[in-house]
Amino acid sequence: MINIQSRFLMRKVFIRWRSVQCFSVKHFSDKASPNNTWYDLVVIGGGSGGLACAKEAAGLGKKVAVLDYVDPSPQGTHWDIGGTCVNVGCIPKKLMHHASQMRHAVHCAKKYGWIAETDLQKPNWNALSNTIQQYVRSLNWGHKVQLMQRNVSYFNAKGQFVDNNTIKAIDKTKKETLICGDKIVIAVGGRPRFPLIPGAREFCMSSDDVFWRKEPLGKTLVVGGSYVGLECAGFLHGLGIDTTLMIRSIPLRGFDQQIAHLIVEHMHEEGIKIWNSQVPVQVSKINSGSLEVISQLNDGTTFANGFDTVLLAIGRLASTSELNLQNVGIKFNEENGKIFVDEFDMTNVGNIFAIGDVAVGRPELTPVAIKAGKHLARRLFDNSNELTDYNNVPTTVFTPLEYGCIGMSEEAAIAEYGIDNVEVFHAFYKPLEYVLTEQSHKQCYIKAIVLCQSPQPILGLHFVGPNSGEVVQGFGVAIKCGLTYAQLSGTTGIHPTCAEEIVKLHITKRSGLDPTVTGC
Ligand code: FAD
Ligand code: NDP
């Protein structure tokens with residue numbers, strides 16, 4: 001609850017912020033006054049990377065402007081400052097994931113002696129999404145306050161290049177303002193891709209819509225076999241929605257495939273329908289108001305099914321098509337719109353940089369974009385030479401059974417070092433919290449990939465089980481410090497935890513021995 005005093009304070013902050021903006025806008029149109037129109041740094045994109053860069057540069061005493069603008073999705077959803085993570089990514093996703101696990105938790109609570117009259121079926125979607133949206137709006141507000149506190153000029157306007165120092169800012173009323181800067185950072189991220197099939201943009205939603213939907217989704221088809229597809233299918237099912245997941249080839253491309261299959265197998269056992277080796281080729285609305293999806297199998301066979309909602313999660317395109325990159329000759333990948341950068345995040349144009357999801361070859365993850373933004377600001381304005389380390393970035397897929405990992409998959413390690421030079425230590429384990437609840441633990445699995453050659457560094461660590469993100473984060477530090485197998489197995493475990501099974505790993509795949517952990 002916000003009390004009256006804090007409301008009053010927020011209002012004062014807001015009025016001050018508005019007056020700063022109006023003052024700035026007045027000066028931007030005054031091109032004859034270079035001291036007021038010229039910024040040390042102009043950032044296009046107020047998401048994870050852009051805001052981190054802008055705030056860091058402003059903290060170093062630089063004059064900074066940030067432009068952020070959200071084009072509505074084809075379904076008309078739009079949101080405020082903060083980018084993908086805050087509004088339509090990590091934050092609402094993790095909250096939905098958490099909510100989805102509560103149904104199971106209540107079911108299990110009975111086994112622990114809690115008296116509950118009935119099992120939970122499904123939450124009130126409207127109440128859940130409202131609560132999440134309120135929290136997201138508080139984050140939007142927080143970002144605006146932070147920009148104001150650091151004297152960063154914020155433009156709710158779309159940026160386009162005029163020349164390599166000048167950006168045209170177009171606001172929602174189509175008013176144009178020219179903003180000039182010494183250095184320009186492009187941090188425009190990406191948006192969901194839509195397939196070129198009839199009905200896709202007209203009738204289907206994406207991750208840009210699902211968290212802002214007011215009404216329950218009904219019977220849902222999720223298309224896409226990677227992070228977004230698996231996570232959305234997972235939380236929708238957990239929230240009591242009849243969910244089907246369509247995967248066209250392999251799940252979680254680029255991840256360890258043994259584990260990717262364990263994750264999907266677990267989702268299937270939980271009750272999610274998995275349709276493999278097929279793609280939608282047409283979506284249309286039928287009389288009842290629901291959607292008919294025609295899908296095609298690899299062999300060309302087609303068939304039709306009815307759904308209330310189709311959620312497309314088939315990857316993302318960088319938001320560069322309207323930046324007028326050609327005005328300054330910035331090189332980018334024609335297929336996905338991503339901008340080519342060097343190790344310093346510099347484009348082929350000396351004063352223009354690109355960070356986060358929009359840059360070629362960077363892991364599309366929030367902490368990566370934030371680190372890149374901070375490091376770049378320090379290199380540009382604080383004589384730092386620290387680069388962002390894009391290797392060994394830990395990550396977690398928030399599926400019903402979470403999968404956290406860092407480093408190489410088994411197949412990537414074997415491809416690079418050869419099968420004889422790679423040792424795989426593994427274990428199937430049973431989380432203690434599952435013991436009384438008869439929860440399936442078949443897929444709770446750990447795998448450490450080790451280079452045989454001394455000092456036997458850990459090349460990759462994979463953990464499937466509860467709270468994977470929390471478990472893997474700490475091991476990420478160790479691996480960054482060069483963790484070896486001897487150091488891992490020389491570490492004492494914390495009992496009774498799931499994470500202790502990592503330091504106890506001793507059975508190699510090569511041995512053929514049963515890797516199931518028994519007893520303490
Ligand atoms: P963004 O955060 O996308 O910000 C770019 C901003 O620029 C946006 O506000 C955009 O509207 C704006 N913009 C675009 N064009 C212009 C223009 N011309 N002018 C002005 N503004 C413009 N990562 C994790 O680490 N953990 C997770 O759990 C996780 N979950 C995710 C779940 C989903 C469903 C999705 C889609 C992504 C998830 N990610 C997650 C990825 C993460 O959200 C992104 O990697 C991160 O937001 C990228 O930050 P960015 O600054 O590069 O771009
Ligand atoms: P990805 O590009 O990772 O995956 C796209 C998926 O869609 C693949 O399974 C692909 O199959 C499939 N696909 C592509 N085209 C079609 C088509 N025409 N018809 C059917 N299926 C198709 O995209 P995501 O949107 O899942 O994720 C984007 C990024 O967002 C991730 O790389 C990740 O970095 C970030 N993210 C991070 C999260 C986290 O940290 N927990 C959560 C969510 C997103 P195929 O393999 O055959 O090409």
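Predicted model only: the values in this text are computed from it and were never measured. (Residues numbered from 1 in each chain as written. Chains lettered and ligands numbered in written order. Predicted model: local features only at pLDDT ≥ 70, side-chain atom pairs only at ≥ 80, totals over all residues. Heavy atoms only, no water.)

This paragraph deals with the UniProt feature "domain: Pyridine nucleotide-disulphide oxidoreductase dimerisation" (unreviewed entry) in the chain. When the UniProt feature table is mapped onto this chain, "domain: Pyridine nucleotide-disulphide oxidoreductase dimerisation" (unreviewed entry) is found at residues 393–504. In residues 393–504, helix accounts for 27% and strand for 26%; the two terminal C-alpha atoms are 23 Å from one another. (UniProt positions renumbered as here; feature names shortened; annotations may be inferred. Helix = DSSP H or I, 4+ residues; strand = E, 2+ residues; numbered from the N terminus.)

Okay, the pairing of strand 5 (residues 166–171) next. Pairing between strand 4 (residues 157–163) and strand 5: six bridges, direction antiparallel. Each bridged residue has a counterpart across the sheet, and for aspartate 163 the counterpart in strand 5 is threonine 166. Hairpin geometry of strand 4 and strand 5 is characterised by an intervening segment of two residues between the two adjacent antiparallel strands. Bridging between strand 5 and strand 6 (residues 176–186) involves five bridges; their strand directions are antiparallel. (Pairing = 2+ DSSP bridges.)

For the rest of this paragraph, the subject is the domain arrangement of the chain. Domain assignment breaks the chain into domain 1 (4–192 + 317–381), domain 2 (200–314) and domain 3 (401–503). Taking only C-alpha atoms, the centre of domain 1 and the centre of domain 2 are 28 Å apart. Both sides of the domain 1 and domain 2 interface together cover about 2400 Å² of buried area, and 58% of this is carbon and sulfur. Here domain 1 is connected to domain 2 by two salt bridges. The salt bridge involving arginine 191 is made with aspartate 208; its shortest N-O contact spans 2.7 Å. Elements that contribute at least two residues to the side of domain 1 that touches domain 2 include exactly helix 4 (83–88), helix 5 (90–111), helix 6 (125–149) and strand 7 (190–192). Take the side of domain 1 that touches domain 2: its biggest share by element is eight residues, from helix 6. (Domains from an automatic or database assignment. Buried area = accessible area lost by both parts, 1.4 Å probe. Salt bridge = Lys/Arg side-chain N within 4 Å of Asp/Glu carboxyl O.)

For the rest of this paragraph, the subject is the site of ligand 1. Around ligand 1 sit 34 residues in total, of which Gly49, Asp68, Thr84, Lys93 and Asp357 are the nearest. Backbone polar atom of glycine 49 to an oxygen atom of ligand 1: 2.8 Å apart, as the coordinates give it. Contact with the protein chains hides 91% of the accessible area of ligand 1, taken as 1000 Å² for the molecule alone. Those elements that place two or more of their residues in the shell around ligand 1 are helix 3 (48–59), helix 4, helix 5, strand 4 and helix 11 (366–381). If you tally residues by element for the shell around ligand 1, the top one is helix 4, at four residues. Partitioned by chemical class, the residues of the shell around ligand 1 number 15 nonpolar, 13 polar and six charged. (Near = heavy atom within 4 Å. Polar contact = N/O pair within 3.5 Å; in protein donor to acceptor, adjacent residues only side chain to side chain. Areas by Shrake-Rupley, 256 points an atom, 1.4 Å probe, with all protein chains shown as cover. Nonpolar A, V, L, I, M, F, W, Y, C, P; charged D, E, K, R; others polar.)

A few words on the environment of isoleucine 502. Mapped onto the secondary structure, isoleucine 502 falls in helix 15 (residues 500–503). What makes isoleucine 502 buried here is its relative accessible area of 0%. In this structure the C-alpha to C-alpha distance between isoleucine 502 and leucine 451, which are 51 residues apart in sequence, comes to 17 Å. The residues contacting isoleucine 502, other than those within four sequence positions of it, are Ile446, Leu461, Phe463, Val471, Phe475 and Leu488. (Buried < 20%, exposed > 50% of the residue type's maximum accessible area, 1.4 Å probe, protein only. Contact = heavy atoms within 4.5 Å.)

This part is about the site of ligand 2. Close to ligand 2 lie 22 residues; Glu231, Ser249, Arg253, Glu364 and Thr396 are nearest. Separating an oxygen atom of ligand 2 from a side-chain N or O atom of serine 249 is a distance of 2.4 Å. Protein chains shield 78% of the accessible area of ligand 2, which is 930 Å² for the free molecule. For the shell around ligand 2, the secondary-structure elements that each account for two or more residues are helix 9 (227–238) and strand 18 (395–397). Among the elements that make up the shell around ligand 2, the one with the highest residue count is helix 9 (three residues).

Before going further, it helps to spend a moment on the sheet that holds strand 10 (residues 243–247). With respect to topology, five strands assemble into an open sheet ordered 8-15-9-10-11, the strand pairing being parallel. This sheet does not close on itself; its edge strands, each paired only once, are strand 8 (205–206) and strand 11 (273–276). Of the strand pairs in this sheet, strand 10 and strand 11 are connected by four bridges, and their pairing is parallel. Among the inter-strand pairings, isoleucine 247 is bridged to a residue of strand 11, identified as asparagine 276. The sheet contacts of helix 9 involve strand 9 (220–223), strand 10 and strand 15 (309–312), and relative to strand 10 the element is tilted by about 165 degrees. (Axes fitted to C-alpha atoms, helices over the stretch in contact; angles between N-to-C directions.)

The next thing to look at is the nonpolar core. Of all hydrophobic cores here, the largest spans 66 residues; its most connected members are Val210, Leu236, Leu245 and Tyr403. At six residues, helix 10 (residues 257–270) tops the list of elements feeding residues into this core. Beyond its immediate chain neighbours, meaning those up to four positions away, tyrosine 403 contacts Leu252, Phe255, Asp256, Ile259, Ile263, Thr395, Thr396, Val397, His462, Phe463, Val464 and Ser468. (Core = buried A, V, L, I, M, F, W, Y, C linked by side-chain atoms within 4.5 Å.)

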